[in-house]
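# Close look at the chain arrangement
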Amino acid sequence: MKKKLILIYTLLFVTVLYSQQKNISVEYVVKIDDEKELFNSNPSLRKMFDDARMGVNSLLFNLIINKSGTKFYENAILSSDERNSKNAIIFAGYSGVTYQFQNSIFQKMRYLEKDILVKEPLRNNWELHMETKLIDNYLCYKATNVNIIDNGSGKIFNHPVIAWYCPELPYSFGPNGYSNLPGLILELQVRNVVFGAKKVDLDSKLDFDSSFLNKVKTISLEDYNKKLQKDAENFRD
């Protein structure tokens, strides 16, 4: 029964996505919750983390949804303290502009040339729950997942993911490459980082051109992690 419902939702998404005439934009703010034991053995990293928590309030992100797909990007830095803002971007887990077209995510990553994007499939292992909460008067449902991170050094980290999606807004998208749920993600928590929707515009003037995709190269996330590991080994040598 659950698989049948998911299939029905998926068919609904495809219908809505390709029949919508208006662009949609969502503005997200982000916060970083403290973890008191985090980086205690490394004062320098702990200082960067504390600076990031101070600078995170200066960040805004936008998600644009048009007929071709989506674009998620940093909208503005609202603070004169550029160092704290840059630290906030790093600790928020944002590596660059993220696009979604059909069944794939395309993301800019640090240490890659500007004409190379990392290509990943959509997340399809969400667990849906009946728990609900109101976000800006929208009824949202809870979904959970796990973000598996390979930092290129051979260590694997599993970070819990909690998404709150709104079936009333039947657009299967969300911030920072997270999507593929039966509704727009209005709040996303990955470990201690929370993206929250501040404004939803269902008739947005914002747009983007997807033709650039024909001119860029793509690599897999696995190959990107291998590159990081190789670069780290060369640096040590």
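Located above this text is the structure these notes cover.
Rules used throughout
- Residues numbered from 1 in each chain as written.
- Predicted model: local features only at pLDDT ≥ 70, side-chain atom pairs only at ≥ 80, totals over all residues.
- Heavy atoms only, no water.
- Phe/Tyr/Trp six-rings, centres within 6.5 Å; stacked < 30°, edge-to-face > 60°.
- Helix = DSSP H or I, 4+ residues; strand = E, 2+ residues; numbered from the N terminus.
- Buried < 20%, exposed > 50% of the residue type's maximum accessible area, 1.4 Å probe, protein only.
- Lys NZ or Arg CZ within 6 Å of the ring centre and 35° of its normal.
- Disulfide = S-S within 2.5 Å.

Once that is clear, we can look at the packing of aromatic side chains. The description of an aromatic ring pair uses the distance of the two centres, along with the angle that the planes make with each other. For the structure shown, the criterion picks out 17 aromatic pairs. Centre to centre, the rings of Phe 61 and Phe 72 are 5.5 Å apart; their planes meet at 10°, and the pair counts as stacked. Of this pair, Phe 61 sits in strand β2 (residues 59-65) while Phe 72 sits in strand β3 (residues 70-77), placing them 11 residues apart in sequence. The same class applies to Phe 61 as to Phe 72, namely buried. Ring pairs connect the aromatic residues Tyr 28, Phe 61, Phe 72, Tyr 94 and Phe 195, which therefore count as one cluster. The ring centre of Tyr 73 lies 4.9 Å from the NZ or CZ of Lys 71, which sits over that ring.

Right, let's talk about the state of the cysteines for a bit. One pass over the full model with this rule turns up 0 disulfides. Among the cysteines around Cys 140, which has no disulfide bond, Cys 166 carries the closest sulfur, lying 4.8 Å off. Cys 140 gets classed as buried once you look at its relative accessible area, which sits at 0%. Relative accessible area serves as the criterion here: at 0%, Cys 166 is assigned to the buried category.

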